[in-house]
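Survey of secondary and tertiary structure
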Amino acid sequence: MWLSRLTAWLLLVSFQHWVTAQDQNSFSDATSKQVWTLAYWTTSATPQTCVPKMNPGWYVLSVVQTTGAAIYGQALAVVSVSETQKMVHVHFRGPDAITTFIFSGYTYLLKSVYETVQIEGYDVVAEHGQTFTALWQAGLRKAMSDAWDEYCDFPILISGHSVGGCPAQMLALKMKRSGMWDYSKISLYSYSAPRCGYQAFAYAVNQAAQTRYQIRLPDYAIQLPAVTCTTDNPAAPQQCFWHAGYGIQYAKSFLWGTYSGPTRCATGEQAACLGEIFYHVLRIHLEHRQSERFLLTHLRICPSDLLVVRATA
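Residues numbered from 1 in each chain as written. Predicted model: local features only at pLDDT ≥ 70, side-chain atom pairs only at ≥ 80, totals over all residues. Heavy atoms only, no water.

Quick notes on unusual backbone geometry
Although it is not a glycine, Glu120 adopts a positive phi angle of roughly 55°. Tracing the chain through its elements places Glu120 in the loop between strand 4 (116-119) and strand 5 (122-125). Phi angles above zero are rare outside glycine, and Ser162 is one such case at about 55°. Structurally, Ser162 can be placed in the loop between strand 6 (156-161) and helix 6 (165-177). Classification of Ser162 as buried rests on a relative accessible area of 1%. (Helix = DSSP H or I, 4+ residues; strand = E, 2+ residues; numbered from the N terminus. Buried < 20%, exposed > 50% of the residue type's maximum accessible area, 1.4 Å probe, protein only.)

Some remarks on the nonpolar core
Counting 55 residues, the largest nonpolar core has Phe92, Leu140, Met144, Ile158, Leu171 and Trp181 as its most contacted members. Of all the elements, helix 5 (residues 126-151) adds the most residues to this core, at eight residues. Residue contacts for Met144: discarding those within four places in its chain leaves Val79, Val90, Trp136, Ile156, Leu171, Met175, Met180 and Trp181. With 22 residues, the next largest nonpolar core counts Phe27, Trp58, Ile215 and Tyr246 among its residues. (Core = buried A, V, L, I, M, F, W, Y, C linked by side-chain atoms within 4.5 Å. Contact = heavy atoms within 4.5 Å.)

Here's the deal with the packing of aromatic side chains
Scanning the entire structure with this criterion turns up ten aromatic pairs. Each ring, one from Trp36 and one from Tyr191, has its centre 4.7 Å from the other, and the planes form 55°; the classification is tilted. In this pair, Trp36 is assigned in helix 2 (residues 29-42) and Tyr191 in strand 7 (residues 186-191), connecting sequence segments 155 residues apart. Each member of the pair, Trp36 as well as Tyr191, is classed as buried. Taking the centre distance of 5.5 Å and the plane angle of 70° together, the rings of Tyr189 and Tyr213 count as edge-to-face. Of the two residues, Tyr189 is situated in strand 7 and Tyr213 in strand 9 (residues 211-216); the sequence distance between them amounts to 24 residues. Of the aromatic side chains, those joined through ring pairs into one cluster are Phe27, Trp36, Tyr189, Tyr191, Tyr213 and Tyr246. Sitting over the face of the ring of Trp136, Lys174 holds its NZ or CZ atom 4.9 Å from the ring centroid. (Phe/Tyr/Trp six-rings, centres within 6.5 Å; stacked < 30°, edge-to-face > 60°. Lys NZ or Arg CZ within 6 Å of the ring centre and 35° of its normal.)

Below is the structure:
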């Protein structure tokens with residue numbers, strides 16, 4: 001009994017750290033791994049059963065799925081909550097399968113011009129803005145309203161992998177501007193996300209979430225669209241694409257074998273936290289194959305959810 005209480009207390013302390021981090025120096029390697037693992041279970045084939053099984057105290061409130069831009073395939077957002085740890089979590093999946101990325105990835109990676117649409121009055125890459133809007137209209141709006149009505153006193157953790165990091169950033173901005181969750185209660189973890197919008201959008205996201213990390217797993221962050229900004233000045237943003245959040249760069253997988261790092265940067269555009277670009281689309285998501293292998297080998301994955309292969313490969 002005392003051990004279970006101690007474990008619950010340690011988890012609560014860890015979760016509370018997610019919403020108190022102030023800058024890149026507050027980044028917790030252990031917390032980042034926990035967020036990453038929690039996100040895996042939400043993108044399983046049966047999150048309603050898998051999440052509480054793999055994360056005691058957590059359960060799913062809503063699953064929203066709809067057709068996104070080609071690079072997403074079937075876009076997915078999962079809203080879950082832990083009443084014991086007093087936290088709402090929303091995770092956005094990246095491409096729905098490695099085949100989706102193979103057939104659409106080159107088109108995205110090799111574009112010379114990235115069209116934009118507006119989200120909350122800011123210019124964002126069209127594929128990401130359109131996918132967020134599709135999810136919002138397909139049920140995410142209601143899911144967030146319901147979560148707010150029931151758990152408005154809980155902080156909210158928003159995460160996303162790959163291109164899913166962009167709708168995660170858009171949700172953080174929308175929650176802040178809607179007057180729902182306050183800046184101090186929003187945590188944002190984007191894993192290997194591309195640049196999602198212009199500088200003004202990135203700066204607005206930075207003002208929406210007190211805890212905001214752009215976490216680059218080794219070599220697989222999509223450093224596109226290319227940056228053409230000549231200055232980094234929130235008072236005078238330029239019409240060029242820019243990373244939001246504090247930059248965190250790993251030199252090797254934190255779920256597979258030994259690793260070094262992370263390197264911490266004051267912005268997502270510092271050279272030390274930009275990693276490298278690989279244009280081979282299979283390599284960009286190889287990290288997930290490695291992570292999946294780790295989960296299958298070392299953790300008791302949900303038997304009905306050999307999901308991670310299909311959902312996040």
